[in-house]
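Close look at the chain arrangement
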Amino acid sequence: MNEKPAFDAPLHVGQLNLPDQAEFRDMFEGIFARQFYTNHGPLEHAADQALAEHFGVRHAITVVNGTVALMLLLRAMELSGEVIVPAFTFPATVQSLVWAGLKPVFCDVDGDTQMLNAALVEAAITPATSAILGVHIWGRGCDPHGLAGVAKKQGLQLLFDAAHATACTFEGQRIGGFGRAEIFSFHATKILSGAEGGCITTNDDALAARLRTLRSFHASDEHASGILRLNAKLSEAQAAMILLGLRHLDRFIQENRQRYELYRQGLAGIDGLEFIDYAAGEQSNYQFAVVRITATKLGISRDELLDWLTARNVLARRYFHPGVHRTEPFASALSTELKVTDELCQVLLQLPTGQAITQDHVRDICALIRSAIT
Ligand SMILES: Cc1ncc(COP(=O)(O)O)c(C=O)c1O
C-alpha cells in the first residue's frame, strides 16, 4: 500500500462554496459605502425576502447560525416538558432543546430512511410530550406528512431541523414549509452559506413576529411584545454571502450532483459499499456523498477505511458518530435502546464533496478506496 499522502492538501467533506470574485467585491463595497454593517441593514432585509421566496413560505427570519435558529424557535413556540427527537443527528439539534429547558426524548430511526417515522414517534409519546422535532437527514424529507398526522392526532407541535435540506423537496414540495416551522443552517460547510448563518421558515405570522422580536435585543415593540430577547441577528457580511450564494445555488447543486454521480460510477460494483440514495423525482442539493460500509463484505471496517483515507489526506467524516445519545449528559440518563441508530453510527461514511473537490479528486479518491480494499 502507498504510505504517503495521496494529496498535498487535505480534502474536506465541506468547504465554503465561494461566489464569483467580482460580485463579491461589489457586494462588500456596498456595505463599506453604506457604513451599515449590522443591526438589520438592507442586506439582512433582502436575505429574509429572498429566502422566504426560495423556500416558498411567508416568512424567513435570518439569524447568526442554525443552532441559534433552533434555540430561538423552541422558545418562541413556548414548548414544555419532552420533545421527541432522533439521536441520529448533529449534536446541535439536541443541545438546543436543552438550552430551551426541554427534555430530549430519543426515538430510534427507520433503517431505510435513517430518519424518524410516524410509527416510531407515536410509540415514544408520553403524557409529557409537547412536540416532535424531525430532522431531514441528507436533505431527504423526514416523513413530514406522517409526522403531521401524529402531531395533529396527539395535539403536539411539529418542527423540523432542515439544516441539510436547503433547495430540497419532499413529494414535490419545497422543504421549509412543513410543520409549524423549520430551521436551516448556512454554515461554511453547507450548500448555501454565509460562512455562519441560519434561518427559521414559517407560514405562521404570529410566530414570525415573535421570532423577529426575539432575535434582537432592541427594546422595541415593533414586532411582538413581552418575550425574551437575544442578539441573534445576522451581520450584513453574512447576509451578503447568503445573497451571493443564492445567485449561484443552482450551479453549486449541479456541480455537486456531477461529483456525486462520479463517485457512484467510480465505486460501482463494490460488494459492501452502498450509496445512500437521493429519492427519484425529488429536488436535492447533493450536498452529501454518503456510503454505508458492510465490513464483512468489504473486508475492512468503516473506521479502518476512514483511517486509511485520512492518512492520505482524504478527510472523510463519520456522520454521525457517536450518536448524540452516546454523549454526555445524555448517555448516563439513557433508558431506551436505539438499535438502528447505533448500527448507523458504525457504518456510514461521508466522502469529500463541494466546490473545493474537483472531478479529478473524485476519480482519485475512488481509485484510493479501491486500492484500500484489494
Ligand atoms: C442537522 C443539523 N442541525 C443543526 C446544525 C447546526 O447548524 P449551525 O452549524 O449553523 O449552528 C447542523 C450543522 O451542521 C446540522 O447538521
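Rules behind the numbers
Counting starts from 1 at the beginning of each chain's written sequence and moves along it residue by residue. Predicted model: local features are reported for residues with pLDDT of at least 70 only, side-chain atom pairs are reported and counted for 80 or more only, and whole-chain, interface and lining totals are derived from all residues. Heavy atoms from the whole structure form the basis of all side-chain values; hydrogens and water molecules are not counted. Only a single heavy atom is needed: when it lies within 4 Å of a molecule or strand, its residue is near that molecule or strand. Think of a polar contact as two N or O atoms within 3.5 Å of one another; within protein, one of them needs to be a possible hydrogen donor and the other a possible acceptor, and neighboring residues in sequence only count if both atoms come from side chains. The accessible surface values rely on the Shrake-Rupley method and a 1.4 Å probe; as for residues, cover is taken only from the protein chains in view. We count a stretch as a helix when DSSP gives it H or I for four or more residues in a row; a strand needs E for two or more, and each element gets its number in order from the N terminus. Charged residues are taken to be Asp, Glu, Lys and Arg, nonpolar residues to be Ala, Val, Leu, Ile, Met, Phe, Trp, Tyr, Cys and Pro, and polar residues to be all remaining types, Gly included. For this analysis, residues touch if any pair of their heavy atoms sits within 4.5 Å. By convention, a stacked pair of Phe, Tyr or Trp rings (six-membered ring in the case of Trp) has centres within 6.5 Å and planes under 30 degrees apart, an edge-to-face pair has planes over 60 apart, and any other such pair is tilted. For the exposure calls, accessible area comes from a 1.4 Å probe over protein chains only, and a residue counts as buried if that area is under 20% of its type's maximum, exposed if over 50%, partly exposed in between. Note on pairing: DSSP must find at least two bridges between two strands before they are called paired. For every element, the axis is a line fit to its C-alpha atoms; helices are fit only across the contacting stretch, and the angle between N-to-C directions ranges from 0 to 180 degrees.

**Points about the site of the ligand**
Close to the ligand lie 14 residues; Gly66, Thr67, Asp161, Ser185 and Lys190 are nearest. The separation between an oxygen atom of the ligand and a polar main-chain atom of Gly66 is 2.8 Å. Side-chain polar atom of His164 to an oxygen atom of the ligand: 3.0 Å apart, as the coordinates give it. Look at the ligand: alone it shows 390 Å² of surface, and the protein chains cover 92% of it. Of all the secondary-structure elements, those providing two or more residues to the shell around the ligand are α3 (66–76) and α4 (91–99). Looking at side-chain class alone, the shell around the ligand contains three nonpolar, nine polar and two charged residues.

**Points about the environment of Leu309**
Tracing the chain through its elements places Leu309 in helix α10 (residues 302–310). As for Leu309 and Gly41, which are separated by 268 residues in sequence, their C-alpha atoms are 44 Å apart. In contact with Leu309, not counting residues within four places along its chain, are Val314, Ala316, Leu349, Leu368 and Ile369.

**As for the packing of aromatic side chains**
Applying the stated criterion to the full structure yields 14 aromatic pairs. When the centroid spacing of 6.4 Å and the interplanar angle of 50° are considered together, the rings of Phe32 and Tyr37 count as tilted. Measuring from centroid to centroid gives 3.9 Å for Phe55 and Phe184, while their planes differ by 25°, and the two rings are stacked. Linking Phe55 in helix α2 (residues 42–55) with Phe184 in strand β9 (residues 181–185), this pair joins segments that are 129 residues apart in sequence. For the pair formed by Phe55 and Phe184, the shared burial category is buried. Joined through ring pairs, the aromatic side chains of Phe88, Trp138, Phe288, Tyr319 and Phe320 make up one cluster.

**A look at the sheet that holds strand β12 (residues 289–293)**
Sheet architecture is open: three strands sit in the order β11-β12-β14, paired in antiparallel fashion. Edge positions in the open sheet fall to β11 (273–275) and β14 (348–351), since each of these has one partner strand only. Strand after strand, the sheet turns through a mean of 35° between neighbouring axes, direction not considered. As judged from the three bridges shared by β11 and β12, these two strands associate in the antiparallel manner. Residue pairing across strands places Leu273 opposite Ile293, the latter belonging to β12. Relative to the sheet, helix α8 (residues 236–266) contacts β11, β12 and β14, its axis offset from that of β11 by approximately 155°. Set on the sheet, α10 makes contact with β12 and β14; between it and β14 the angle comes to about 25°.

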